[in-house]
Amino acid sequence: MTQPEVTRCGFIAVVGRPNVGKSTLTNALIGAKISIVSRKAQTTRHRIHGVLTRGAEQFVFVDTPGFQTRHGGAMNKMMNRVVTQALADVDVILFVVEAGKWTPGDQQLLDMLRDRTNVILVLSKIDSIKSRESLFPFVADLAGRFPFAAVVPVSAVKREQLDVLLDEVASRLPEGEAMFEEDALTDRPVRFLAAELIREKIFRLVGDELPYGCTVVIEQWEEAPARVLVSACVIVERESHRPILLGAKGMHMKRIATEARQEIAQLLDMPVHLEIYIKVRKGWADREASLRDLGYE
Ligand SMILES: Nc1nc2c(ncn2[C@@H]2O[C@H](COP(=O)(O)OP(=O)(O)OP(=O)(O)O)[C@@H](O)[C@H]2O)c(=O)[nH]1
(Lines give C-alpha, C1' and ligand atoms only; values in the text may rest on other atoms or scores of the structure.)
Protein backbone atom coordinates (compact mmCIF):
# COMPACT_ATOMS: atom_id res chain seq x y z
CA MET A 1 0.00 0.00 0.00
CA THR A 2 1.35 3.38 -0.89
CA GLN A 3 1.72 5.93 1.81
CA PRO A 4 0.93 9.34 0.36
CA GLU A 5 3.30 12.18 0.98
CA VAL A 6 1.33 14.31 3.36
CA THR A 7 2.47 17.44 4.99
CA ARG A 8 -0.69 18.15 6.92
CA CYS A 9 -2.98 15.72 8.65
CA GLY A 10 -5.55 16.12 11.38
CA PHE A 11 -8.92 15.36 12.87
CA ILE A 12 -12.08 17.20 11.96
CA ALA A 13 -15.44 17.00 13.69
CA VAL A 14 -18.65 18.07 12.00
CA VAL A 15 -21.20 19.25 14.52
CA GLY A 16 -24.58 20.89 14.36
CA ARG A 17 -28.14 20.34 15.44
CA PRO A 18 -30.13 17.60 13.70
CA ASN A 19 -31.06 18.15 10.09
CA VAL A 20 -28.68 20.97 9.29
CA GLY A 21 -27.01 18.79 6.66
CA LYS A 22 -23.98 17.34 8.45
CA SER A 23 -24.11 13.92 6.86
CA THR A 24 -24.73 15.27 3.39
CA LEU A 25 -21.83 17.67 3.79
CA THR A 26 -19.45 15.08 5.20
CA ASN A 27 -20.29 12.65 2.44
CA ALA A 28 -19.88 15.35 -0.18
CA LEU A 29 -16.49 16.24 1.26
CA ILE A 30 -15.05 12.78 1.56
CA GLY A 31 -16.61 11.37 -1.56
CA ALA A 32 -18.85 8.35 -1.86
CA LYS A 33 -19.16 5.73 0.78
CA ILE A 34 -15.85 5.76 2.60
CA SER A 35 -16.78 5.28 6.18
CA ILE A 36 -14.22 2.56 6.39
CA VAL A 37 -10.55 3.07 6.89
CA SER A 38 -7.46 1.23 7.87
CA ARG A 39 -7.14 -0.43 11.26
CA LYS A 40 -4.65 2.18 12.25
CA ALA A 41 -7.73 4.11 13.23
CA GLN A 42 -7.94 2.01 16.37
CA THR A 43 -4.84 3.64 17.69
CA THR A 44 -6.74 6.89 18.09
CA ARG A 45 -9.49 7.63 20.55
CA HIS A 46 -11.71 8.77 17.75
CA ARG A 47 -14.16 6.82 15.74
CA ILE A 48 -13.27 7.57 12.19
CA HIS A 49 -16.03 8.40 9.79
CA GLY A 50 -13.94 8.85 6.69
CA VAL A 51 -10.66 10.05 5.36
CA LEU A 52 -9.96 12.36 2.47
CA THR A 53 -6.47 12.68 1.08
CA ARG A 54 -6.02 15.69 -1.15
CA GLY A 55 -2.51 16.07 -2.46
CA ALA A 56 -0.32 16.56 0.57
CA GLU A 57 -3.22 16.97 2.99
CA GLN A 58 -5.12 14.32 4.85
CA PHE A 59 -8.48 15.14 6.42
CA VAL A 60 -9.66 12.65 9.00
CA PHE A 61 -13.34 13.11 9.79
CA VAL A 62 -14.39 11.76 13.17
CA ASP A 63 -17.80 10.58 14.21
CA THR A 64 -19.80 12.67 16.59
CA PRO A 65 -22.39 10.12 17.63
CA GLY A 66 -24.35 12.27 20.04
CA PHE A 67 -25.23 14.69 17.30
CA GLN A 68 -26.50 11.99 15.06
CA THR A 69 -28.99 10.37 17.38
CA ARG A 70 -32.53 11.53 17.45
CA HIS A 71 -33.40 11.04 21.12
CA GLY A 72 -34.85 14.48 21.72
CA GLY A 73 -34.97 14.63 25.51
CA ALA A 74 -31.61 13.06 26.04
CA MET A 75 -30.02 15.69 23.83
CA ASN A 76 -28.44 17.74 26.58
CA LYS A 77 -26.80 14.85 28.29
CA MET A 78 -25.56 13.54 25.04
CA MET A 79 -24.16 16.85 23.94
CA ASN A 80 -22.06 17.02 27.04
CA ARG A 81 -20.67 13.64 26.32
CA VAL A 82 -20.00 14.53 22.75
CA VAL A 83 -18.06 17.57 23.72
CA THR A 84 -15.87 15.67 26.12
CA GLN A 85 -15.39 12.59 23.96
CA ALA A 86 -15.78 13.13 20.27
CA LEU A 87 -14.52 16.68 20.22
CA ALA A 88 -11.60 16.00 22.52
CA ASP A 89 -8.46 16.97 20.70
CA VAL A 90 -9.85 17.26 17.20
CA ASP A 91 -7.95 19.88 15.27
CA VAL A 92 -10.80 21.61 13.50
CA ILE A 93 -14.51 21.76 14.24
CA LEU A 94 -17.00 22.46 11.50
CA PHE A 95 -20.01 24.02 13.16
CA VAL A 96 -22.81 23.60 10.67
CA VAL A 97 -25.78 25.93 10.68
CA GLU A 98 -28.56 26.10 8.15
CA ALA A 99 -28.06 29.34 6.24
CA GLY A 100 -30.45 31.96 7.60
CA LYS A 101 -31.83 29.78 10.40
CA TRP A 102 -30.74 30.17 13.99
CA THR A 103 -32.50 28.16 16.68
CA PRO A 104 -32.02 27.65 20.43
CA GLY A 105 -30.57 24.24 19.53
CA ASP A 106 -27.82 25.90 17.54
CA GLN A 107 -27.07 28.28 20.38
CA GLN A 108 -26.91 25.42 22.86
CA LEU A 109 -24.33 23.66 20.75
CA LEU A 110 -22.34 26.79 20.20
CA ASP A 111 -22.21 27.31 23.95
CA MET A 112 -20.55 23.94 24.29
CA LEU A 113 -17.76 25.02 21.97
CA ARG A 114 -16.94 28.04 24.05
CA ASP A 115 -13.32 27.23 24.80
CA ARG A 116 -12.47 25.86 21.41
CA THR A 117 -10.36 27.39 18.73
CA ASN A 118 -10.39 26.51 15.05
CA VAL A 119 -14.15 26.42 14.87
CA ILE A 120 -15.29 27.12 11.32
CA LEU A 121 -18.83 28.31 10.80
CA VAL A 122 -20.37 26.48 7.87
CA LEU A 123 -23.59 27.88 6.46
CA SER A 124 -25.28 24.94 4.78
CA LYS A 125 -27.87 24.64 2.03
CA ILE A 126 -27.09 27.98 0.41
CA ASP A 127 -28.69 26.70 -2.78
CA SER A 128 -32.05 27.19 -1.12
CA ILE A 129 -31.32 30.81 -0.24
CA LYS A 130 -32.65 33.34 -2.76
CA SER A 131 -30.18 36.13 -2.27
CA ARG A 132 -26.79 35.68 -0.67
CA GLU A 133 -26.78 39.32 0.40
CA SER A 134 -29.63 38.48 2.72
CA LEU A 135 -27.17 36.35 4.68
CA PHE A 136 -24.91 39.25 5.63
CA PRO A 137 -26.84 40.32 8.75
CA PHE A 138 -27.18 36.66 9.73
CA VAL A 139 -23.42 36.11 9.49
CA ALA A 140 -22.72 39.38 11.29
CA ASP A 141 -24.97 38.29 14.14
CA LEU A 142 -23.27 34.91 14.46
CA ALA A 143 -19.81 36.43 14.23
CA GLY A 144 -20.78 38.51 17.24
CA ARG A 145 -21.63 35.38 19.19
CA PHE A 146 -18.42 33.45 18.68
CA PRO A 147 -14.90 34.08 17.40
CA PHE A 148 -15.17 31.75 14.42
CA ALA A 149 -11.91 31.03 12.65
CA ALA A 150 -13.67 31.36 9.29
CA VAL A 151 -17.12 31.49 7.78
CA VAL A 152 -17.87 29.41 4.70
CA PRO A 153 -21.25 29.17 3.00
CA VAL A 154 -21.67 25.86 1.15
CA SER A 155 -24.11 23.74 -0.73
CA ALA A 156 -23.34 20.08 -0.29
CA VAL A 157 -26.03 19.11 -2.76
CA LYS A 158 -24.73 21.39 -5.49
CA ARG A 159 -21.12 20.85 -4.39
CA GLU A 160 -20.58 24.59 -4.10
CA GLN A 161 -17.69 25.98 -2.09
CA LEU A 162 -16.50 22.59 -0.90
CA ASP A 163 -12.92 23.29 -1.97
CA VAL A 164 -13.01 26.64 -0.23
CA LEU A 165 -14.10 24.87 2.94
CA LEU A 166 -11.37 22.25 2.58
CA ASP A 167 -8.79 25.01 2.06
CA GLU A 168 -9.89 26.68 5.29
CA VAL A 169 -9.68 23.37 7.13
CA ALA A 170 -6.35 22.38 5.61
CA SER A 171 -4.66 25.58 6.66
CA ARG A 172 -5.57 24.73 10.26
CA LEU A 173 -4.46 21.11 10.30
CA PRO A 174 -1.21 20.33 12.04
CA GLU A 175 1.81 19.47 9.99
CA GLY A 176 2.50 15.79 9.98
CA GLU A 177 2.56 12.54 8.14
CA ALA A 178 -0.51 10.77 6.82
CA MET A 179 -2.20 8.56 9.37
CA PHE A 180 -4.08 6.48 6.86
CA GLU A 181 -3.24 4.66 3.73
CA GLU A 182 -4.47 6.25 0.60
CA ASP A 183 -7.49 4.64 -0.95
CA ALA A 184 -8.08 2.54 2.12
CA LEU A 185 -11.44 1.42 0.84
CA THR A 186 -10.25 -0.33 -2.30
CA ASP A 187 -7.19 -1.76 -0.62
CA ARG A 188 -8.93 -3.53 2.20
CA PRO A 189 -9.96 -7.12 1.83
CA VAL A 190 -13.67 -7.42 1.38
CA ARG A 191 -14.21 -9.51 4.49
CA PHE A 192 -12.73 -6.82 6.60
CA LEU A 193 -14.90 -4.23 4.90
CA ALA A 194 -17.98 -6.35 5.51
CA ALA A 195 -17.14 -6.62 9.20
CA GLU A 196 -16.60 -2.89 9.38
CA LEU A 197 -19.90 -2.19 7.67
CA ILE A 198 -21.71 -4.30 10.25
CA ARG A 199 -19.81 -2.59 13.03
CA GLU A 200 -20.75 0.78 11.59
CA LYS A 201 -24.44 -0.12 11.50
CA ILE A 202 -24.29 -1.28 15.11
CA PHE A 203 -22.51 1.85 16.16
CA ARG A 204 -25.00 4.09 14.40
CA LEU A 205 -27.99 2.35 15.92
CA VAL A 206 -26.92 1.46 19.44
CA GLY A 207 -23.42 2.92 19.83
CA ASP A 208 -24.60 5.22 22.58
CA GLU A 209 -25.76 2.28 24.64
CA LEU A 210 -22.80 -0.04 24.21
CA PRO A 211 -20.24 1.32 26.64
CA TYR A 212 -17.39 -0.93 25.53
CA GLY A 213 -18.37 -1.13 21.90
CA CYS A 214 -18.19 -4.44 20.18
CA THR A 215 -16.19 -6.21 17.59
CA VAL A 216 -17.34 -8.02 14.51
CA VAL A 217 -15.68 -11.13 13.15
CA ILE A 218 -16.57 -12.73 9.85
CA GLU A 219 -16.73 -16.43 10.63
CA GLN A 220 -17.79 -17.78 7.29
CA TRP A 221 -17.50 -16.43 3.81
CA GLU A 222 -18.64 -18.53 0.97
CA GLU A 223 -18.75 -17.34 -2.58
CA ALA A 224 -21.56 -19.25 -4.22
CA PRO A 225 -22.10 -18.80 -7.97
CA ALA A 226 -24.82 -16.19 -7.72
CA ARG A 227 -24.40 -14.87 -4.22
CA VAL A 228 -22.14 -14.63 -1.23
CA LEU A 229 -23.01 -16.32 2.03
CA VAL A 230 -21.67 -14.47 5.01
CA SER A 231 -21.83 -15.44 8.63
CA ALA A 232 -20.72 -12.80 11.08
CA CYS A 233 -20.30 -12.82 14.80
CA VAL A 234 -20.70 -9.76 16.96
CA ILE A 235 -18.67 -10.04 20.13
CA VAL A 236 -19.79 -8.03 23.10
CA GLU A 237 -18.30 -7.60 26.52
CA ARG A 238 -21.28 -8.38 28.76
CA GLU A 239 -24.37 -10.54 28.72
CA SER A 240 -26.38 -7.36 29.32
CA HIS A 241 -25.23 -6.02 25.97
CA ARG A 242 -27.01 -8.75 24.09
CA PRO A 243 -30.54 -7.35 24.55
CA ILE A 244 -29.29 -3.89 23.61
CA LEU A 245 -28.05 -5.25 20.31
CA LEU A 246 -31.15 -7.31 19.72
CA GLY A 247 -33.63 -4.59 20.55
CA ALA A 248 -37.31 -5.27 21.21
CA LYS A 249 -38.36 -8.36 19.28
CA GLY A 250 -34.95 -8.40 17.62
CA MET A 251 -35.78 -5.23 15.72
CA HIS A 252 -32.35 -3.65 16.15
CA MET A 253 -30.49 -6.68 14.95
CA LYS A 254 -32.87 -7.04 12.06
CA ARG A 255 -32.26 -3.49 10.96
CA ILE A 256 -28.50 -3.78 11.40
CA ALA A 257 -28.46 -6.99 9.35
CA THR A 258 -30.68 -5.60 6.61
CA GLU A 259 -28.73 -2.39 6.20
CA ALA A 260 -25.36 -4.15 6.38
CA ARG A 261 -26.47 -6.78 3.90
CA GLN A 262 -27.56 -4.15 1.42
CA GLU A 263 -24.28 -2.31 1.66
CA ILE A 264 -22.14 -5.43 1.46
CA ALA A 265 -24.11 -6.46 -1.62
CA GLN A 266 -23.46 -3.05 -3.10
CA LEU A 267 -19.78 -3.34 -2.32
CA LEU A 268 -19.54 -6.77 -3.94
CA ASP A 269 -22.04 -6.00 -6.64
CA MET A 270 -23.66 -9.32 -5.87
CA PRO A 271 -26.57 -10.55 -3.72
CA VAL A 272 -25.56 -11.40 -0.18
CA HIS A 273 -27.04 -13.70 2.40
CA LEU A 274 -26.00 -12.45 5.81
CA GLU A 275 -26.37 -14.12 9.18
CA ILE A 276 -25.28 -12.36 12.32
CA TYR A 277 -24.71 -14.03 15.70
CA ILE A 278 -23.99 -12.43 19.02
CA LYS A 279 -21.37 -13.85 21.36
CA VAL A 280 -20.40 -12.64 24.77
CA ARG A 281 -16.72 -12.79 25.47
CA LYS A 282 -16.16 -11.34 28.86
CA GLY A 283 -13.24 -9.01 29.20
CA TRP A 284 -11.97 -9.61 25.71
CA ALA A 285 -10.78 -6.09 25.44
CA ASP A 286 -8.34 -6.65 28.26
CA ARG A 287 -6.83 -9.86 27.10
CA GLU A 288 -3.98 -9.59 24.73
CA ALA A 289 -4.38 -13.09 23.36
CA SER A 290 -7.98 -12.67 22.45
CA LEU A 291 -7.25 -9.31 20.92
CA ARG A 292 -4.79 -11.03 18.67
CA ASP A 293 -7.38 -13.71 17.83
CA LEU A 294 -9.70 -10.96 16.75
CA GLY A 295 -7.19 -9.39 14.43
CA TYR A 296 -6.12 -6.46 16.57
CA GLU A 297 -2.38 -6.11 17.06
N1 LIG B 1 -31.11 22.18 -0.46
C2 LIG B 1 -30.20 21.50 0.23
N3 LIG B 1 -30.58 20.55 1.10
C4 LIG B 1 -29.63 19.90 1.78
C5 LIG B 1 -28.25 20.18 1.63
N6 LIG B 1 -27.56 19.38 2.46
C7 LIG B 1 -28.48 18.63 3.11
N8 LIG B 1 -29.72 18.92 2.71
C9 LIG B 1 -30.98 18.30 3.16
O10 LIG B 1 -31.17 18.53 4.54
C11 LIG B 1 -31.73 17.38 5.17
C12 LIG B 1 -30.86 16.95 6.33
O13 LIG B 1 -29.61 16.55 5.84
P14 LIG B 1 -28.65 15.58 6.67
O15 LIG B 1 -27.35 15.57 5.97
O16 LIG B 1 -29.31 14.28 6.93
O17 LIG B 1 -28.55 16.37 8.02
P18 LIG B 1 -27.84 15.98 9.38
O19 LIG B 1 -27.42 17.25 10.01
O20 LIG B 1 -26.78 14.97 9.14
O21 LIG B 1 -29.03 15.37 10.18
P22 LIG B 1 -29.04 14.44 11.48
O23 LIG B 1 -28.53 13.09 11.03
O24 LIG B 1 -30.48 14.43 11.87
O25 LIG B 1 -28.19 15.09 12.50
C26 LIG B 1 -31.84 16.34 4.08
O27 LIG B 1 -33.18 16.35 3.62
C28 LIG B 1 -30.89 16.80 3.02
O29 LIG B 1 -31.28 16.39 1.73
C30 LIG B 1 -27.87 21.19 0.68
O31 LIG B 1 -26.70 21.52 0.44
N32 LIG B 1 -28.89 21.81 0.03
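Structure: see above.
Everything numeric here is computed off the predicted structure, so don't read it as measured data.

**Here's the deal with the environment of Phe 61**
And step 1. Secondary-structure assignment places Phe 61 in strand 3 (residues 57-62).
And step 2. C-beta crowding within 10 Å serves as the criterion here: with 25 such atoms nearby, Phe 61 is assigned to the buried category.
And step 3. Phe 61 sits 35 residues away from Thr 26 along the chain, and the two C-alpha atoms are 7.9 Å apart.
And step 4. Here Phe 61 is in contact with Ile 12, Val 14, Thr 26, Ile 30, His 49 and Gly 50, once residues within four sequence places are set aside.

**Considering the site of the ligand**
And step 1. Around the ligand sit 17 residues, and of these Pro 18, Gly 21, Lys 22, Ser 23 and Thr 24 come closest.
And step 2. Where the shell around the ligand is concerned, the elements lending two or more residues are helix 1 (22-30) and helix 2 (65-68).
And step 3. The dominant element in the shell around the ligand, judged by the number of residues it contributes, is helix 1, at 3 residues.
And step 4. Split into classes, the residues belonging to the shell around the ligand amount to 5 nonpolar, 9 polar and 3 charged.

**Considering the packing of helix 8 (residues 190-206) against helix 10 (residues 251-268)**
When two helices pack together, their arrangement is given by the angle between the helix axes and by the axis-to-axis distance.
And step 1. It is at 9 Å that the axes of helix 8 and helix 10 come closest, and there the two elements cross at 145 degrees. The hand of the helix 8/helix 10 crossing is right-handed. On helix 10, the residues that touch Val 190, Leu 193, Ala 194, Leu 197, Ile 198, Lys 201, Ile 202, Leu 205 and Val 206 of helix 8 are His 252, Arg 255, Ile 256, Glu 259, Ala 260, Glu 263, Ile 264, Leu 267 and Leu 268.
And step 2. Of the residues belonging to the contact of helix 8 with helix 10, the class tally is 13 nonpolar, 1 polar and 4 charged.

Reading the values: rules and limits
- Residues numbered from 1 in each chain as written.
- Predicted model: local features only at pLDDT ≥ 70, side-chain atom pairs only at ≥ 80, totals over all residues.
- Helix = DSSP H or I, 4+ residues; strand = E, 2+ residues; numbered from the N terminus.
- Buried ≥ 20, exposed ≤ 12 C-beta atoms within 10 Å, placed from the backbone.
- Contact = placed C-beta atoms within 7 Å.
- Near = placed C-beta within 6 Å.
- Nonpolar A, V, L, I, M, F, W, Y, C, P; charged D, E, K, R; others polar.
- Axes fitted to C-alpha atoms, helices over the stretch in contact; angles between N-to-C directions.
- Left-handed = near helix turned anticlockwise from the far one by under 90°.

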